[in-house]
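These are the residues of each chain, in order.
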Amino acid sequence: MSSAVYALVRPLVTRATPARVVPDGLPLADPATMPARDPRRGPWPGREVTSGGVTLHVRETPGPDDVDAVYVHGLSGSATNWTDVAGLLRTRAAGTAIDLPGFGLSRPLASRDYSPAGHADALLCFLAGRGRPVHLLGNSFGGAIALTVAARRPELVRTLTLISPAMPDRRPDPRRVSDPRMLLALLPGIGRWARAGMTVPNARDRAEQMVRLCFGDPNAASEHRLAEAAEEFEARARLEWAQEATELTGKAMVASWLYGESLWARAARVQAPTLVVWGDRDKLMAPRLARRTVSVMRGARLLLLPGVGHVAQIEAPAAVAQAVAGMWDAVEAGRWQAGHREDSTRS
């Protein structure tokens, strides 16, 4: 691999060193105060909503009129990634799970700006148009976007939950990906060859491939959710902008790790009470980044989930929802304290 290619690839891979954690009594909601989870619950109703001049497809979960939660998916994800967690939190907050521009069923922005800044601008405008602060939750790339919004416009965010946020990491280790061609897929020129070689024969195979990559325990994925994911992959394949959105967003994310203001610097400016959630079997964002993320953020505390991978809100929704609700309750009662020198595990 040439030095030029290596310089672009190296932020994509990270070491598999698990974060070391010390229990600190992270506040957790009483499960009796939360609704029962329906493992066969289908996606929440969806529609297009225009707010702050931005039109996005959203899936809405009914809840209290005076408390809003907004959920932001990761790269290649959609609003359906939050079906279970939004359902478990619905007695505490009305939920709006968004499809970022060009993802899910959201149309691209007219500018076709797929950079992290472009996605953050879209989300910021969408939230500002709602007229009141929200509980903001984001996973992976969506976590990076949510963090950016919280740093730029603190008045829009009541609390922040980051699940394996896509923090910059330049330590190379090919073991962090399931297929080395993934490292080349985002590069100009040879990227097209790499993507062609990784083509999955059908939507079901693609759904199973994603589970193997994103889950700590692939066997935890239910048949019901796999079928839903396959159906969504098929529907998205029919959208003319889908491949463009995924490829250009991925390339822009990597470029942002190399150039411009670091996401670490933005994290230090976040003022909202923050819960950071990480699975210790995350294959995409190294668990060792969990401690550093919490350490640079004021008012942040960590929940590390043993045996869980990159999408804890899908793989372990009850544990995530219990911690999120616990933070909301503690903040409301004035009992949330910065825990950047401590963190917690859940078994």
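Topic: the overall build of the protein
- Looking only at helices and strands, one finds 13 helices and nine strands in the protein.
- Looking at the 347 residues of the protein, the share that counts as buried comes to 54%.
- Within the protein, contacts between residues separated by at least 24 positions form 79% of all contacts whose residues are at least 6 apart in sequence.

Things to note about empty space enclosed by the protein
- Tallying each qualifying case throughout the model produces two cavities of 30 Å³ or more.
- Each pocket or cavity is described by its volume, and for the largest cavity that value is around 110 Å³.
- Lining the largest cavity are 13 residues, and of these P116, A144, S256, W257 and L263 lie nearest its centre.
- Taken together, the elements giving at least two residues each to the lining of the largest cavity come down to α4 (141-152), α9 (242-258) and α10 (263-267).
- Top element by residues in the lining of the largest cavity is α4. It accounts for four residues.
- Here the residues of the lining of the largest cavity are counted per class, giving nine nonpolar, two polar and two charged.
- Its volume calculated, the second largest cavity comes out at about 40 Å³.
- Along the walls of the second largest cavity sit W44, R59, T61, A79, W82, T83, A86 and A97, which together make up its complete lining.
- Broken down by secondary-structure element, the contributors of at least two residues to the lining of the second largest cavity are β2 (54-61) and α2 (83-88).
- Split into classes, the residues belonging to the lining of the second largest cavity amount to five nonpolar, two polar and one charged.

About the cut-offs
- Residues numbered from 1 in each chain as written.
- Predicted model: local features only at pLDDT ≥ 70, side-chain atom pairs only at ≥ 80, totals over all residues.
- Heavy atoms only, no water.
- Helix = DSSP H or I, 4+ residues; strand = E, 2+ residues; numbered from the N terminus.
- Buried < 20%, exposed > 50% of the residue type's maximum accessible area, 1.4 Å probe, protein only.
- Contact = heavy atoms within 4.5 Å.
- 1 Å grid on protein atoms, 1.4 Å probe; cavity = no way out; pocket = protein on both sides within 12 Å on 5 of 7 lines; lining within 4 Å.
- Points joined across faces, edges and corners; volume = space filled by probe spheres on them.
- Nonpolar A, V, L, I, M, F, W, Y, C, P; charged D, E, K, R; others polar.

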